[in-house]
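What the coordinates show
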Amino acid sequence: MIEQYMKYLKEYDGAPVTLMEVCGSHTAAIAKSGIKTVISPKIRLVSGPGCPVCVSPSGYVDQLIHLALEEGATITTFGDLMRIPGSKYTLNEIKGQGGKVEMVYSPMDVIRLAKEHPQTRYVFGAVGFETTIPVYTVLLDAVIAEKLTNLQILTALKCMPPVIDWLCEGGAKIDAFIAPGHVSVITGSDYYIPLAKKYRIPFGITGFQPKELVAGIYGIVRMLEKKEELLAQGEVLVKNFYPSVVTPQGNEKALAKINGYFEPGPAVWRGMGNIPDSGLYLRPEYAAYDAGSRGLDDDRKINQACRCDQVLMGKISSKECPLFARVCSPLSPQGACMVSSEGSCYQNYLNRGN
Amino acid sequence: MIVTMAHGSGGAATSELIRDIFARSFDNDVLNEMEDSAVVPGSGRIAVTTDSFVVTPIEYPGGDIGRLCVCGTVNDLLMRGAVPKYLTCGFILQEGADTEVLKRIVESMAATAREAGVKVVAGDTKVIEGNGGMLINTAGVGFVPEGIEVSAKSLKPGDVLILSGDLGDHHAAILGSRLSISNDIVSDNAPLTEMVGNLQADKVNVHTMRDVTRGGLATVLKELAASSGVVIALEEDKIPVKQSVKDFCGLLGLDPLYMGNEGKMIAAVPRAEAEKALSAIRRAAYGEKAVVIGEVYDPASAPAGKAGDLLLTTPIGGIRQLDVLQGEGLPRIC
Amino acid sequence: MCVALPGEVTELLDDKFAKVDFNGNIVEAATGLVDVKVGDKVLVHAGCIIQTVSKDEADELEDLFKELGAF
């Protein structure tokens, strides 16, 4: 089957289409698979704002750094967050200057740390989208059950639909979305129906293995070709090409827990601005577990010429940004898209010779 | 016993440490003279290298900093075609280090030196403030036999690239022991003396050898492509990685092509010599899984790319351009 | 975003954690989001089981594409 899909994508000669993957792991998986070199040039794949680390504003990183330098406090977080710049420094840099920062694989690891060192105040740098947010609810369950008073989270939690809405509203040049596979595990595929209806734009939920990418992209291009027909038949333009783990309703237990601990609020996306209701914050009754996550809206552009927002909207390619591969590189990222290995400029940088 | 600043004073405590730990394990005629410098025989073209080792934890699955420092230094000498002969070592101990641990590290270092056929002929110990850690600097000396010319710049179009075994084991073993992922992946740290010795004994015309260490295969080969002005093309399906290491990488969002190794090498040989080279490497310790993973092209006649490019054909037939490692390869979770 | 990998539940540790095996890599993953039993194939993200892997994807996709082709 996969060979047929590949052949179809290679020989595709219909209307030029632009597909956006809103998920950073898709960006990385697409680059790793080399799929762009084996599909028709009429199928363009562009990367969206789907790396939660990259889109955390500088004010959030500054707050983590502030806490890391505080007497008796230790920041714990995922590896990738160590590299993202605040207004002046990264967590990595501050670690060399007396900041206390520990990298963990899972937020659950911090429970053990907090029990072993009751005198230390642990703050978990809790970034993430819908996939990771329920993990923090399990962490909070444990913190509450164990009556731990030395573990808090500093959140920069974001949801996908408001930013997809923002992209569409802003006139992004996108014909269809490769919907984030692991976000959809939690949210379910029905999550995208309102957006698909509002903008008459197809969503295809896709996995991450090379073959799954091929299948998903094939399915989405087919949907685009049949779009008018599908709409005329009253079909919803949301298809699940990752059925092994994604269901229409998602993980309802996880969704209920998210709703129990968190409430929506405005959130600043690095380089893009404040998007209403795109963030999640601990509800007031859980304020004791919050290390001060609200209002970290400061988003200092490192370089005024940075055009990340337009790259993210698919309006320009990385190469059209005046900073790209000149002053902006993975070792000195100037904007969100170059920060993480999931960022679109980062991936384009690696492939800049092609 | 616990290491204190006194062990670095140059007085009685230092002498005791040298006598009971270093001299006992490294025991050889040159070191035993205990002079200010070692005088050793040798002539011809001399290869010299130095390396520092700062790994944490200092003992990890499959090895320790002692074995690592011998392997790293010996392999660097071997990669220029030299026969490694002598090592020096400088230990920088943090106060609080346990001498029992130090004994194990030094014994492991001595055993690895014996395996690699080198003598530790000079050493030094200092103690600094800290919390029980230990760092080692080594220098290595070897001799390059007549007629052997191996360098990073002598990669030629038409060469095939042989990788001596599975990628990523060392990196995964170290990182796994730091994070809460348990597995039976062990470091591949190993001296490649026999492997290179076999290639020379079989008179294989090796153009380039490189040990695949920090930065991983992609970084090493990208640098080789650039320094020789060629295009290197690899096939992903042919690059050996254990399934456990693949899944370890999958859990952390890492790429085996950028994972560090400490007992693997790349050899570039003319296509006509590929079988001969493979048999020499596979016959050696640590080389049984050696395979051809790619080819070297003249930029003018390469199927794709330009001078200095490293290209990888993916399982779905796509072409991925690989760069050197950016940053430090931190785990990616979200 | 969101790196996640399928593995197999090999042991239930207590009511909060289970051992999950990823071809020899053992992670003690939290079970707070999904009810699991030994032998389940599960998807783990950041040390937390987020879903059970239940269906044969290839078959399902084939059906889906038949459907798409038939429009």
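Everything below is about the structure shown above.
Cut-off values and rules
Residues numbered from 1 in each chain as written. Chains lettered and ligands numbered in written order. Predicted model: local features only at pLDDT ≥ 70, side-chain atom pairs only at ≥ 80, totals over all residues. Heavy atoms only, no water. Salt bridge = Lys/Arg side-chain N within 4 Å of Asp/Glu carboxyl O. Buried < 20%, exposed > 50% of the residue type's maximum accessible area, 1.4 Å probe, protein only. Helix = DSSP H or I, 4+ residues; strand = E, 2+ residues; numbered from the N terminus. Pairing = 2+ DSSP bridges. Contact = heavy atoms within 4.5 Å. Buried area = accessible area lost by both parts, 1.4 Å probe. Polar contact = N/O pair within 3.5 Å; in protein donor to acceptor, adjacent residues only side chain to side chain. 1 Å grid on protein atoms, 1.4 Å probe; cavity = no way out; pocket = protein on both sides within 12 Å on 5 of 7 lines; lining within 4 Å. Points joined across faces, edges and corners; volume = space filled by probe spheres on them. Axes fitted to C-alpha atoms, helices over the stretch in contact; angles between N-to-C directions. Parallel < 35°, antiparallel > 145°, perpendicular 65-115°, else oblique. Left-handed = near helix turned anticlockwise from the far one by under 90°. Nonpolar A, V, L, I, M, F, W, Y, C, P; charged D, E, K, R; others polar. Lys, Arg positive; Asp, Glu negative; His and termini not counted.

As enumerated under the stated definition, the model contains 36 salt bridges over all chains in all. In this structure, A:K239 and A:E235 form a salt bridge, with 3.3 Å as the shortest nitrogen-oxygen distance. The class of A:K239 is buried, set by a relative accessible area of 8%. Residue B:E149 pairs with B:R45 through a salt bridge whose shortest N-O separation is 3.0 Å. In this pair, B:E149 is assigned in the loop between β6 (134-144) and β7 (159-163) and B:R45 in strand β1 (residues 45-53), connecting sequence segments 104 residues apart. A relative accessible area of 58% means that B:E149 is categorised as exposed. Judged by its relative accessible area of 33%, B:R45 falls in the partly exposed class. Within the structure, one salt-bridge network assembled from shared partners comprises B:D166, B:D169, B:K242 and B:K289.

Our next topic: the pairing of strand β11 (residues 273-282) of chain A. All names here are of chain A. Pairing analysis gives two bridges linking strand β6 (residues 151-158) to β11, with the strands arranged antiparallel. The partner of L157 across the bridge, within β11, is L280. Inspection of the sheet shows strand β10 (residues 262-269) paired to β11 by seven bridges, in the antiparallel sense. Pairing of A267 across the sheet is with I275, part of β11. Counted between consecutive antiparallel strands, the loop separating β10 from β11 contains three residues, among which G271 sits at a positive phi close to 75°.

Time to look at the interface of chain A and chain B. On the chain B side, the residues contacting the 37 residues of chain A number 26 residues. For the chain A and chain B pair, buried surface summed over both sides reaches about 2,600 Å², with 59% attributable to carbon and sulfur atoms. Of all residues in chain A, A:K32, A:M103 and A:Y105 bury the most surface against chain B, accounting for 27% of the area lost on that side. Where chain A meets chain B, there are zero salt bridges. At the junction of chain A and chain B, the tally comes to two residue pairs in polar contact (both at pLDDT 80 or more). Looking at which element gives the most residues to the side of chain A that touches chain B, the answer is helix α2 (residues 24-33) of chain A, with five residues.

Residues and elements named next belong to chain A. Inspection of the entire model under this criterion finds four cavities of 30 Å³ or more. Looking at the largest cavity, its volume works out to about 100 Å³. Residue lining of the largest cavity: 13 residues in total, with A156, K158, Y281, S293 and L296 positioned closest to the centre. Among the elements of the structure, β6 and β10 are those that each provide at least two residues to the lining of the largest cavity. Take the lining of the largest cavity: its biggest share by element is four residues, from β6.

Residue and element names in this part refer to chain B. In contact at an axis separation of 10 Å, helix α5 (residues 169-178) and helix α8 (residues 243-252) are set at 55° when each is read in the N-to-C sense. Taken together, the axes of α5 and α8 lie oblique to each other. Crossing hand, α5 versus α8: left-handed. For the pair α5 and α8, the contacting residues are D169, A172, L175 and G176 in the first and V245, F248 and L252 in the second. Class assignment of the residues belonging to the contact of α5 with α8 gives a composition of five nonpolar, one polar and one charged.

Moving on, we come to helix α8 (residues 160-169) of chain A. Counting buried residues along α8(A), seven of its 10 residues qualify, which places the element largely inside the surrounding structure. Regarding α8(A), the residues found buried are A:M160, A:P161, A:P162, A:V163, A:I164, A:L167 and A:C168.

Once that is clear, we can look at the interface of chain C and chain A. Taken together, the contact pairs 33 residues of chain C with 49 residues of chain A. At the surface where chain C touches chain A, the tally comes to one salt bridge. Ionic pairing is found between C:D35 and A:K253, a salt bridge with its closest N-O pair at 3.3 Å. The set of elements that each furnish at least two residues to the side of chain C that touches chain A consists of β3 (25-30), β4 (41-45), β5 (48-52) and α1 (57-69) of chain C. Of the residues forming the side of chain C that touches chain A, the biggest block, nine residues, is contributed by α1(C). Counted by class, the side of chain C that touches chain A contains 20 nonpolar, seven polar and six charged residues.

Size it by volume and the second largest pocket reaches roughly 1,600 Å³. Considering the residues around the second largest pocket, the lining is formed by 48 residues, among which B:V54, B:V55, B:H171, B:R178 and B:R214 are closest to the centre. Listed by contribution, the elements that provide at least two residues to the lining of the second largest pocket are α5 (91-95), β4 (101-103) and α6 (109-116) of chain A together with β1, α3 (65-78), α5, β9 (208-211) and α7 (216-228) of chain B. With five residues, α5(B) is the single largest residue contributor to the lining of the second largest pocket.

The next point concerns the side chain of B:D64. Residues and elements named next belong to chain B. Its place among the elements puts D64 in strand β3 (residues 63-64). Here D64 sits buried without a salt bridge, and the closest side chain of opposite charge, R67, lies 7.2 Å off (N-O distance). Discounting chain neighbours no more than four positions away, the residues touching D64 are I58, E59, I105, S108 and N189.

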